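# Structural overview for review
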Amino acid sequence: MELNADTLYFHLKDHYSITYLRRTDSQPGVGRPRFLTGGRISGSYLRIALDCKEILPPGTYICRNMPSLSIPEKTSVLLLEEDVSETELYNLLQEIYDSYDRWAAACVQTVEDTQDFRNLVQLTYRMLQVPVCLVDNQFTVIAQAQDPDSAHMLFGSSGHVALDTVNDLISNPHLRYLEASEGELDFEYDTDYKLFNFFYHGRYAGRLIMGIANEEYSERESLILNQLAEYVEYLLRRFGSFQNSTSTQNLLRSFLTESLTGHVPQSKTLLKISQSTGWTDQHSYMMVCFFPEHRLKKDLYPPYLISQVEELWSDSCAAEVDGNVVMIINLSINTQKKISDFYQSLAYLVRDGLMIAGCSRVFYDLRDIEIFYRQSLFSIEIGQKKDSTRWYFRFDDYALDYLISYGTGLFKPEQVCHPQLLFLQKHDQERQTSYYQTLYTYFETQFNMSHAAKKLFIHRSTFISRMERILELTGLNLNDYRTRLYLELSFQILNEPDPASVSQFYV
């Protein structure tokens, strides 16, 4: 990691009597030290020239004697006022560089493993002794670390920035620029601060706040702040918010976001999710997409909605995608055991929040997460046209409309055909029954029970008993035209031979 002159001076002053001379407005970082012995050193390095007696080209130097000529622009000189051992000085400089490299490596490890904002902030304070706070756009403290005896009004307590401070920041017109400024900025409040603002999808998402104890080393704080901001920015892009989540929740959110932006889930990722969360392909899942109700001219506020959703359904994970909020919920371990209870709580949430929601079909394979996300989008698209007064829309209610408009389209047959036929197929496999074939034969013989029984080589009364059991298990209403049409189309699709299993003939 490259260090600037302010950072080097901050550490060297505790060991040597040293004067800091600079003729530069910016503080470029320089690499590990190299001795200047006669020739020139190319590249950006800290140059050790203890007995330098000639003009210095622009750069960062450690000298023992004052150069004979004036220091040129864009140059910083750390002037030692005593004789020092070259070896001792060189080793000390290496230790300084090593300490920052260890911090950077620990941050990278945190980003890759625990993926936790709090760990990044705590590492920075513990290893570099810089007070840092990370707050989101609601002034919720995501993470902070400082000396217990110090007090910074922009830092928070009990999870939030103090209400008086918040009111001042949001009501004072002279402070409005704070949430519009990108990147680093200096700010004076109860003490001096350096701030770094983050934006997500063009909107202010939160900021890093660093307390400045001494302006003499402000460029050191800038170096640390900007480096730390890179790691925080990476996690923000990955998770879509500053939610103070566990590493398990962060893993799920990262998986959800990446799966919906074109990344195919890898087997090792799914294994890691299974080990961390207990989610397996034996569980049932659903995708839910939340949109603002545009007729009411209300926008979503994704960070707040994400926290609401995950608090309401503990076995869920939500993320911001294209300005809207998408959720995956594990229905198998959801505390609301009945699917009807889930839909009821969903209705309350979207109605109170003046939103609408689209729900996919229940699925089992997390590799298909993008497909079922598309189902949730389609359910909103067609549901708003056909049932505009509803607050949420289920794909299963509009799957027939999809089949009529697009055929199977993007979906596999089992992802769009009537779910009760899929249920019968599964029931037949597990119980050694033949309910699917019985219902298919009933349709094939144009609903003539006698002909259907004859075709199945069973007595008519046996056929009637089977049909009664089928209707009891599935709840199908065969007197409904759309139900019959949906079943008929589904039979045609499900009974088509698999192209992969059909022999190819060549002449």
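Thresholds, definitions, all that
Residues numbered from 1 in each chain as written. Predicted model: local features only at pLDDT ≥ 70, side-chain atom pairs only at ≥ 80, totals over all residues. Heavy atoms only, no water. Core = buried A, V, L, I, M, F, W, Y, C linked by side-chain atoms within 4.5 Å. Buried < 20%, exposed > 50% of the residue type's maximum accessible area, 1.4 Å probe, protein only. Helix = DSSP H or I, 4+ residues; strand = E, 2+ residues; numbered from the N terminus. Contact = heavy atoms within 4.5 Å. Phe/Tyr/Trp six-rings, centres within 6.5 Å; stacked < 30°, edge-to-face > 60°. Pairing = 2+ DSSP bridges. Axes fitted to C-alpha atoms, helices over the stretch in contact; angles between N-to-C directions. Polar contact = N/O pair within 3.5 Å; in protein donor to acceptor, adjacent residues only side chain to side chain. Parallel < 35°, antiparallel > 145°, perpendicular 65-115°, else oblique. Left-handed = near helix turned anticlockwise from the far one by under 90°. Nonpolar A, V, L, I, M, F, W, Y, C, P; charged D, E, K, R; others polar. Salt bridge = Lys/Arg side-chain N within 4 Å of Asp/Glu carboxyl O.

In terms of nonpolar packing, the biggest core is built from 58 residues, with Leu256, Met287, Ile328, Leu421, Leu439, Leu478 and Phe491 touching the most fellow members. Broken down by element, the residue count for this core peaks at seven residues, all from helix α10 (residues 369-386). Filtering out sequence-adjacent residues up to four positions away, Leu439 remains in contact with Leu421, Leu424, Met467, Ile470, Leu476, Leu478 and Phe491. Within the second largest apolar cluster, 56 residues are counted, among which are Tyr100, Cys107, Tyr125 and Phe242.

Positive phi values are uncommon outside glycine, yet Leu354 reaches one of about 55°. Along the chain, the position of Leu354 falls in the loop between α9 (339-352) and β16 (355-359). For Leu354, a relative accessible area of 33% translates into the label partly exposed. In this structure, Gln446 is a non-glycine residue whose phi angle is positive, near 55°. One can find Gln446 in the loop between α14 (435-444) and α15 (449-455). The exposure class assigned to Gln446 is exposed, which follows from its relative accessible area of 68%.

The way to describe two aromatic rings as a pair is by their centre distance and the angle between their planes. Scanning the entire structure with this criterion turns up 26 aromatic pairs. Between Phe196 and Phe198, the ring centres sit 5.2 Å apart and the planes meet at 45°, which makes this aromatic pair tilted. Each member of the pair, Phe196 as well as Phe198, is classed as buried. Residues Phe393 and Tyr398 carry aromatic rings whose centres are separated by 6.4 Å and whose planes lie at 55° to one another, so their mutual orientation is tilted. For Phe393, a relative accessible area of 1% puts it in the buried group.

Another aspect to go through is the sheet that holds strand β3 (residues 45-49). Taken in spatial order, the five strands of this open sheet run β1-β5-β4-β3-β2, and their pairing is mixed. Two strands bound the open sheet, and with one partner strand each, they are β1 (18-23) and β2 (31-35). If you compare each strand with its neighbour and ignore which way they point, the axes differ by 20° on average. Of the strand pairs in this sheet, β2 and β3 are connected by three bridges, and their pairing is parallel. Residue pairing across strands places Gly31 opposite Tyr45, the latter belonging to β3. Strands β2, β3, β4 (59-63) and β5 (75-80) of the sheet are contacted by helix α2 (residues 86-112), whose axis makes an angle of about 170° with β2.

Turning our attention to the side chain of Glu320. Following the sequence through the fold, Glu320 ends up in strand β14 (residues 316-321). A distance of 3.0 Å separates the side chain of Glu320 from the side chain of Arg203, its partner in a polar contact. Non-local contacts of Glu320, meaning those with residues more than four positions away in its chain, are made with Tyr200, His201, Arg203, Gly240, Pro302 and Ile306.

Here helix α6 (residues 247-259) crosses helix α7 (residues 267-277) at 150°, and the two axes come no closer than 10 Å. Here α6 is positioned roughly antiparallel relative to α7, judged by the angle of their axes. As α6 runs across α7, the sense of the crossing is left-handed. Each of Thr248, Leu251, Leu252 and Phe255 in α6 lies in contact with α7, whose residues at this interface are Thr269, Leu270, Lys272, Ile273, Ser276 and Thr277. In the contact of α6 with α7, the residues fall into five nonpolar, four polar and one charged.

Quick look at the pairing of strand β7 (residues 141-145) now. The element β7 is extensively covered by neighbouring structure, given that four of its five residues are classed as buried. Looking at chain direction, strand β6 (residues 132-136) and β7 are connected through four bridges and run antiparallel. Note that in β7 the partner of Leu134 across the bridge is Ala143. Where β6 folds back onto β7 in an antiparallel hairpin, the turn is made up of four residues, including Phe139, whose phi is positive at roughly 65°.

With that settled, consider the environment of Gln415. Residue placement: Gln415 occurs in helix α12 (residues 413-416). We classify Gln415 as buried; its relative accessible area is 4%. In this structure, the C-alpha to C-alpha distance between Gln415 and Leu489, residues 74 residues apart in sequence, is 14 Å. Here Gln415 is in contact with Arg361, Asp368, Ile371, Phe372, Gln375 and Phe395, once residues within four sequence places are set aside.

With that settled, the discussion passes to the pattern of salt bridges. A complete count under the given rule lists 20 salt bridges for this structure. A salt bridge links Glu233 to Arg237; the nearest nitrogen and oxygen atoms lie 2.6 Å apart. Here Glu233 and its partner Arg237 are both found in helix α5 (residues 218-239), four residues apart, which amounts to about one turn of the helix. In this structure Glu233 comes out as partly exposed when scored by relative accessible area, which is 22%. Notably, a salt bridge pairs Asp365 with Arg367, separated by 3.4 Å at the nearest N-O pair.

Before going further, it helps to examine the sheet that holds β16. Strand order in the open sheet formed by five strands is β14-β15-β13-β16-β17, and the pairing between neighbours is mixed. The sheet terminates laterally at β14 and β17 (392-394), the two strands that pair on one side only. Averaged over all neighbouring strand pairs, the angle between strand axes comes to 20°, with direction disregarded. Inspection of the sheet shows β16 paired to β17 by three bridges, in the parallel sense. By the bridge assignment for β17, Gly358 is matched with Phe393.

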